[in-house]
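Here are the chains, one letter per residue:
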Amino acid sequence: MKRGSVIGNIAKDLGLDLGRLSARKARIDTEDNNVKYCGVNLNTGDLIVQERIDREGLCGKKASCVLKQELVLENPLELHRINIRVQDINDNSPQFIEESLKLEIQESAHKGERFLLGEAHDGDIGENAVQGYSLQQNDHFKLNVNTKAGGRKYGELVLDKELDREDKKEMILLLTAFDGGSPQRSGTVVIHVTVLDANDNVPVFSQTVYKASLPENSPLDTIVITVSATDADEGLNSEITYGFDHVLDENNNVFSLHAKTGEVRVAGSIDYEKETSYEMQISAKDGLGLVSYATLMIEVTDINDNAPVIHLKSVTNPIPENVSPGTEVGIINVQDRDSENNRQVRCSIQQNAPFKLVPSIKNYYSLVTTGQLDRELVSDYNITITATDEGSPPLSSSKTVQLSVADINDNPPVFEEQSYSASVSENNKPGSTLCSVTARDPDWRQNGTVIYSLLAGEVNGAPVSSYLSVNGDTGVIHAVRSFDYEQFRSFKVHVMARDNGSPPLSSNVTVSVFISDVNDNSPQILYPAPEGNSFMTELVPKAAHGGSLVSKVIAVDADSGQNAWLSYHIVKSTDPGLFTIGLHSGEIRTQRDISESDSMKQNLIVSVKDNGQPSLSATCSMYLLISDNLAEVPELKDISYDEKNSKLTSYLIIALVSVSTFFLTFIIIILGVRFCRRRKPRLLFDGAVAIPSAYLPPNYADVDGTGTLRSTYNYDAYLTTGSRTSDFKFVTSYNDNTLPADQTLRKSPSDFAEVFGDCDRSPEVRTYLI
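Trainee: Honestly, the overall build of the protein in this entry has me stumped. Any pointers?
Mentor: Within the protein, the regular secondary structure consists of five helices and 56 strands. Burial status across the protein gives 43% buried among its 770 residues. Per element, the accessible surface of the protein, about 40,500 Å² overall, is 48% carbon and sulfur.

Trainee: Would you mind showing me how to read the packing of aromatic side chains here?
Mentor: Think of a pair of aromatic rings as described by two things: how far the centres are apart, and how the planes are tilted against each other in angle. The full count for this structure, using the stated rule, is twelve aromatic pairs. Each ring, one from F205 and one from Y242, has its centre 6.3 Å from the other, and the planes form 50 degrees; the classification is tilted. A residue pair is termed long-range when its members are at least 10 positions apart, and F205 in strand β16 (residues 204-205) and Y242 in strand β20 (residues 241-246) qualify at 37 residues. Of the two residues examined, F205 and Y242, each falls in the buried class. For the ring pair F355 and Y381, a centre distance of 5.4 Å and an interplane angle of 80 degrees mean the geometry is edge-to-face. In this pair, F355 sits in strand β29 (residues 355-359) while Y381 sits in strand β31 (residues 380-389), placing the two residues 26 residues apart along the sequence. A relative accessible area of 3% means that F355 is categorised as buried. By the ring-pair criterion, three or more aromatic residues cluster together here, those being Y467, F483, F488 and F491. A cation over a ring is seen here: R481 above Y467, with NZ or CZ 4.1 Å from the ring centre.

Trainee: Is there a simple way to think about the confidence of the model for the protein in this case?
Mentor: It should be kept in mind that the predicted coordinates are not to be read in detail where pLDDT is low. Per-residue confidence for the protein gives a mean pLDDT of 78; residues scoring 70 or more make up 82%. The lowest-confidence element of the protein is strand β56 (residues 767-769), averaging 28 in pLDDT; the highest-confidence one is strand β36 (residues 439-440), averaging 94. Segment residues 636-645 is flagged for pLDDT under 50; beyond a separation of four residues in sequence, or across chains, it makes 17 contacts in the model. Ignoring residues within four places in sequence, the model shows residues 679-770, a span with pLDDT below 50, making 211 contacts including any to other chains.

Trainee: I'm lost on unusual backbone geometry in this one. Help?
Mentor: What you tend to see is this: most non-glycine residues have negative phi, and most peptide bonds are trans. Cis geometry is adopted by the peptide bond preceding P393, which originates at S392 and carries an omega value of -5 degrees. With a phi close to 55 degrees, K25 is a non-glycine residue in the positive phi region. What makes K25 partly exposed here is its relative accessible area of 42%. The phi dihedral of N75 falls on the positive side, at around 55 degrees, and the residue is not glycine. The residue N75 is located in the loop between β5 (66-73) and β6 (78-85) in this model. Judged by relative accessible area, N75 falls into the partly exposed class, the value being 47%.

Trainee: Would you explain the nonpolar core in this entry?
Mentor: Proteins that are soluble and globular tend to have nonpolar side chains buried together. Counting 29 residues, the largest nonpolar core has L434, L468, I477, F483, F491 and V511 as the members making the most contacts within it. Residue assignment for this core shows that the elements contributing at least two residues are β34 (419-425), β35 (433-436), β37 (450-454), β40 (468-470), β41 (476-479), β42 (490-499) and β43 (506-516). What V511 contacts, discounting residues up to four positions off in sequence, is Y420, C435, V437, I477, F491, K492, V493 and V495. If you look at the next biggest cluster of nonpolar residues, it comprises 24 residues, including V224, V254, L296 and I298.

Trainee: Got a minute to help me understand the pattern of salt bridges in this structure?
Mentor: Side chains that differ in sign of charge can pair as their charged atoms come close. Considering all chains together, one arrives at 16 salt bridges under this definition. Measuring nitrogen to oxygen at the nearest pair gives 3.0 Å for the salt bridge that ties R114 to E156. Of the two residues, R114 sits in strand β9 (residues 114-116) while E156 sits in strand β13 (residues 153-159), which places them 42 residues apart along the sequence. Residue classification places E156 among the buried positions, given a relative accessible area of 14%. With a closest N to O distance of 2.8 Å, E263 and R265 form a salt bridge. In this structure E263 comes out as partly exposed when scored by relative accessible area, which is 22%. Each of K25, R27, D29, E74 and K313 takes part in a single network of salt bridges with overlapping partners.

Trainee: Looking at this model, I keep getting lost on the side chain of D598. Mind explaining?
Mentor: Mapped onto the elements, D598 comes out in the loop between β50 (587-590) and β51 (601-609). Residue classification places D598 among the buried positions, given a relative accessible area of 11%. Separated by 2.9 Å, the side chains of D598 and R592 make a polar contact. In this structure the side chain of D598 is engaged in a polar contact, spanning 2.9 Å, whose partner is the backbone nitrogen of S595. When near neighbours in sequence (up to four residues on either side) are disregarded, D598 contacts D575, L578, R592, D593 and I626.

Trainee: Any chance you could explain the environment of C620 here in plain terms?
Mentor: Structurally, the position occupied by C620 is in strand β52 (residues 617-626). In this structure, the C-alpha to C-alpha distance between C620 and S607, residues 13 residues apart in sequence, is 6.7 Å.

Trainee: Any chance you could explain the sheet that holds strand β4 (residues 46-49) here in plain terms?
Mentor: Backbone hydrogen bonds hold the strands of a sheet together, and the pairing may be parallel or antiparallel. In spatial order, the strands read β1-β4-β3; together these three strands make up an open sheet with antiparallel pairing. A strand with exactly one partner marks an edge of an open sheet, and here the two such strands are β1 (6-9) and β3 (38-40). Here the average twist between neighbouring strands, direction ignored, is 25 degrees. In this structure, β3 lies alongside β4, joined through three bridges in antiparallel fashion. If you follow V40 over to β4, its bridge partner there is L47.

What counts and what doesn't
Residues numbered from 1 in each chain as written. Predicted model: local features only at pLDDT ≥ 70, side-chain atom pairs only at ≥ 80, totals over all residues. Heavy atoms only, no water. Helix = DSSP H or I, 4+ residues; strand = E, 2+ residues; numbered from the N terminus. Buried < 20%, exposed > 50% of the residue type's maximum accessible area, 1.4 Å probe, protein only. Areas by Shrake-Rupley, 256 points an atom, 1.4 Å probe, with all protein chains shown as cover. Phe/Tyr/Trp six-rings, centres within 6.5 Å; stacked < 30°, edge-to-face > 60°. Lys NZ or Arg CZ within 6 Å of the ring centre and 35° of its normal. pLDDT = per-residue confidence, 0-100. Contact = heavy atoms within 4.5 Å. Core = buried A, V, L, I, M, F, W, Y, C linked by side-chain atoms within 4.5 Å. Salt bridge = Lys/Arg side-chain N within 4 Å of Asp/Glu carboxyl O. Polar contact = N/O pair within 3.5 Å; in protein donor to acceptor, adjacent residues only side chain to side chain. Pairing = 2+ DSSP bridges. Axes fitted to C-alpha atoms, helices over the stretch in contact; angles between N-to-C directions.

Shown next, in the form of structure tokens:
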């Protein structure tokens, strides 16, 4: 049949869906993976001829020639065996091995003696094989056609009339062999008959049929068997010559026969997979041409000389890393050309890979996954498949299959640190770099590309984007604006790292931004008011001793740390040796006892400096009056005041008069309360001024060691009723030798009522803690 000829419709015969033949990769495979004689039309389901089919080449003289094919379908795997019976056509003519047959016949041959003729060979079988012979018309011989056990026909030359060598010593006959095909084919051979002198004994073989067994791959010149024949004649008539009488072309060079000894030796390659047995005709001819025949049958035994062959029929590559265990990713076919146990094969793969081989149909195996794949751990697998037969010794072969794992976006970006922190000095430049965040994503390509962004949020009521920005590619965080330490000292933002997978995965990290202080705020003097804003006067008793507390300068600094460490210095004074100020406390004390020669009016200019770099400062003026009673105080108008301080002076005069009025009453109340509580604290009365707590801004605090408000003071103000232009103040310092701060005297009208009983009018007492 020509290539492309339709043999049959296998889709219809097997009930297959035509629409799925292509999707299921339908194909025709052979068992031994040799020539593919057939194919399948995926559109029609027809089984078509793909290569020329020669029945004689496939099956030789076998009566039945079956071409075994396999239809393989995937998803799921199906295997259908297809047996194609190849029918013989008469495409071979009968042929004789020899161009001419030579017969030597004794003239003493009797009528009816038979002489075997060479058998004609026809590659066809059945009716197309040799069906008969015909002999050219002659006077002495006729033809007798016989049939062998295998159905082959051969001719015998029968002597119909005695020979007379003296009459005719040679004859030429034409033998024709014909088959039964249509049209009929034939072949001819010339028979040369030589008439000999009488030789009345033919050689006789020791056995009619010789049998031998020979392992395949036997080395050359191996003796297979020795045949022998005897002849009762003597002399030349008894000399026997052995030879192969009828040997097929394919077996012609496999064995050799020694003409004199009868030894049959190996002359070519013995391969069980090509030929399992040999049958040959051996002739024994004496010296005058009498011939006898015997049959030699050689069985070839199989040895394990073929290693298994592994064929990769189908593979899924690359494999998505999220495939579930048990997924089929490949189909393996294993072939071994040996027979019986030598062709039984076991397949295995190495144990360190998440794959296994599952036996399927016949010699097919499915390669399936045994566990979860992770491309980030192993991206490629080199799987070595080993096939071992059960021969002795066993043979094996290996095949390496390379599988790649396709990436799935299954890993979110992971920051290198759990949290990040950045420090920046206040008054920074917009656009300056604060820090950088880094996240890693082990996925591949776009699944592993990380993009950074700020999560929405607010800082002090403003969007976080108005403070910071992040580079989406590098993760570098920049300041959008200039920061002020006095507004806020730190804040937190959240940065998101997102990959480019589908769907995208992300993770967040907290970035803490700490703003460091810069010395950009000068000290602020709370008491006394800075120079030019108010006019404050302190009254100092003449009896004040050296070290007595006179007053205190109170200042604060909006900065922090060493930028807020304040130091106090007297930069100018009326009498430089009379007063001193605490370097860090700001307390103004006398350096020595006050003498009569000291000027009543003392003016101090105090400078307050912070510890920043560079240092910032502020100054104030302190006016002191040295006097024991209000009558000695000169008119305050003698001191130069600015016009803008005149109203404050009036308030001071009223305050001093009020203090003098209640002076005596307050002393008695204090003594009474202390007597009732049985307390005996020592009071040191020094001139001071009452500092109301309202001078302190709400956001300032007294921190021990910063130089401001180091001690707790209780300032009690007294007013007298007999003064017009003078005031007098006392201050009680509660330190280590006085009452603790939580036991500072605090009086209310109800306290006086308990000590003195009901009075028409209670004294007014004001107490301040600074």
